[in-house]
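Spelled out from the first residue to the last, the chains are:
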Amino acid sequence: MIKPLGLKDKKVLVPRGAGQAKSFSQLVEKYGGISIEIPLIAFRPIEINQRLQTAINEIDTYDWIIFTSNVTVDTFFSFKNIEEFETFPKVAVIGTKTEEVIKDKGLKAEFVPSAYVAEVFVEEFLPHVAQGSKILLPKGNLAREYISRSLIRHGAHVDEMVIYETYMPNESLEKLANMLSADELDILMFTSPSTVDHFMSVVKEYKLESHIRNCVIGCIGPVTEKKLQAYGLPIHASPKEYTVKEMVKSTIEYLEK
């Protein structure tokens, strides 16, 4: 059983922006930790182009639309409000948070995989995709092409479109460097490969490698694990269920060993 104060007085890096950090921070604080919000990743919509505009205008010609994150959902509907669509394709999503955001938009996710990674999504989604199905896949500029390639091999027509860019907020650079220099972070939690890359870019730029040796490191998902391993970093907590809640719990379990 996890102790109510399993993170007592531990300073925990929360690598999300203001809009997404609240529930993460509340979870850390619930277990007695001190949340240190330093956004390692931020998103900005691309300037809408003709190809994307055409896809939005012809949304009724698609059988499915796939949303891989809540950011993708919010960004897509920033181009055109849900109320403005007369019809909409069947929706497939990855992740409970994405499903919740879709529900808030008044839509139903017709397909949600049992695990929130691309490989499992593809394996479980393929039986729902008929030969020649037309699928719209909006994504970020750093997203992998695994889903689209797999669906195309299966005989689907996939329009994969970058709708937002991922970047490291400038204001986070100095804050992170200062916190690490002063050894004021006890636990590092990473929610995506991009957060690892951005974190390590600061570590390398300011030569702070020695300041992260004693940090406990938690992450979500096998792709993020591989990214940490590529940098030679240890992974102390990586839950089987890819959610922030389970990452926090598995980190506490590691601390209680």
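For the structure itself, consult the block above.
Residues numbered from 1 in each chain as written. Predicted model: local features only at pLDDT ≥ 70, side-chain atom pairs only at ≥ 80, totals over all residues. Heavy atoms only, no water.

1. Concerning the pattern of salt bridges
- Under the counting rule described, the total for this entry stands at seven salt bridges.
- Asp197 is the partner of Lys227 in a salt bridge, and the nearest nitrogen-oxygen pair spans 3.4 Å. With Lys227 in helix H9 (residues 222–230) and Asp197 in helix H8 (residues 193–205), this pair connects stretches of sequence that are 30 residues apart.
- The partly exposed category is assigned to Lys227, whose relative accessible area is 27%. (Salt bridge = Lys/Arg side-chain N within 4 Å of Asp/Glu carboxyl O. Helix = DSSP H or I, 4+ residues; strand = E, 2+ residues; numbered from the N terminus. Buried < 20%, exposed > 50% of the residue type's maximum accessible area, 1.4 Å probe, protein only.)

2. Considerations on helix H3 (residues 70–79)
- Across the ten residues that make up H3, a large majority, seven, are buried.
- Along H3, the residues that are buried comprise Asn70, Val71, Thr72, Val73, Thr75, Phe76 and Phe77.

3. Section: the side chain of Thr166
- Counting through the fold element by element, Thr166 comes out in strand S8 (residues 157–167).
- Ignoring anything within four residues of it in the chain, the contact list for Thr166 reads Ile41, Ala42, Phe43, Asn141, Leu142, Ser194 and His198. (Contact = heavy atoms within 4.5 Å.)

4. Observations concerning the packing of aromatic side chains
- Overall, the coordinates contain 14 aromatic pairs when judged by the stated rule.
- Where Phe85 meets Phe88, the ring centres are 5.3 Å apart and the plane angle is 75°; that geometry is what we call edge-to-face.
- Centroid distance Phe190 to Phe199: 5.2 Å. Interplanar angle 75°. Geometry classified as edge-to-face. Like Phe199, Phe190 is buried.
- Here a set of aromatic residues connected by ring pairs shows up, and it is made of Phe67, Phe76, Phe77, Phe85 and Phe88.
- It is Lys80 that lies over the ring of Phe85; its NZ or CZ is 4.8 Å from the centre. (Phe/Tyr/Trp six-rings, centres within 6.5 Å; stacked < 30°, edge-to-face > 60°. Lys NZ or Arg CZ within 6 Å of the ring centre and 35° of its normal.)

5. A look at the pairing of strand S7 (residues 134–140)
- When you tally the buried positions in S7, you get six out of seven residues, the bulk of the element.
- Inspection of the sheet shows S7 paired to S8 by seven bridges, in the parallel sense. Looking across to S8, one finds that Lys134 is bridged to His157. (Pairing = 2+ DSSP bridges.)

6. Digging into the pairing of strand S9 (residues 187–190)
- Alternating residues of S9 divide into Ile187 and Met189 and Leu188 and Phe190, and every residue in both groups is buried.
- Of the pairings in the sheet, the one linking strand S1 (residues 11–14) to S9 comprises two bridges and is parallel in character. Along S9, the bridge assignment pairs Leu13 with Leu188.
- Each parallel crossover has a hand, and for S9 linked through H8 to strand S10 (residues 216–219) it is right-handed. (Right-handed = clockwise from strand over helix to strand, strands pointing away.)

7. Section: the environment of Lys175
- Along the chain, Lys175 turns up in helix H7 (residues 170–181).
- Exposure remark for Lys175: the relative accessible area of 38% places this residue in the partly exposed category.
- Between the alpha carbons of Lys175 and Glu37 there is a distance of 9.8 Å; along the sequence they are 138 residues apart.
- Leaving out residues up to four positions away in the same chain, Lys175 has contacts with Glu37 and Ile38.

8. Quick word on the environment of Gly132
- Along the chain, the position of Gly132 falls in the loop between helix H5 (118–125) and S7.
- For Gly132, a relative accessible area of 39% gives the class partly exposed.
- Along the chain, Gly132 and Lys97 lie 35 residues apart, while their C-alpha atoms are 30 Å from each other.
- Apart from the residues lying within four places of it in its own chain, the contact partners of Gly132 are Gly155, Ala156 and His157.

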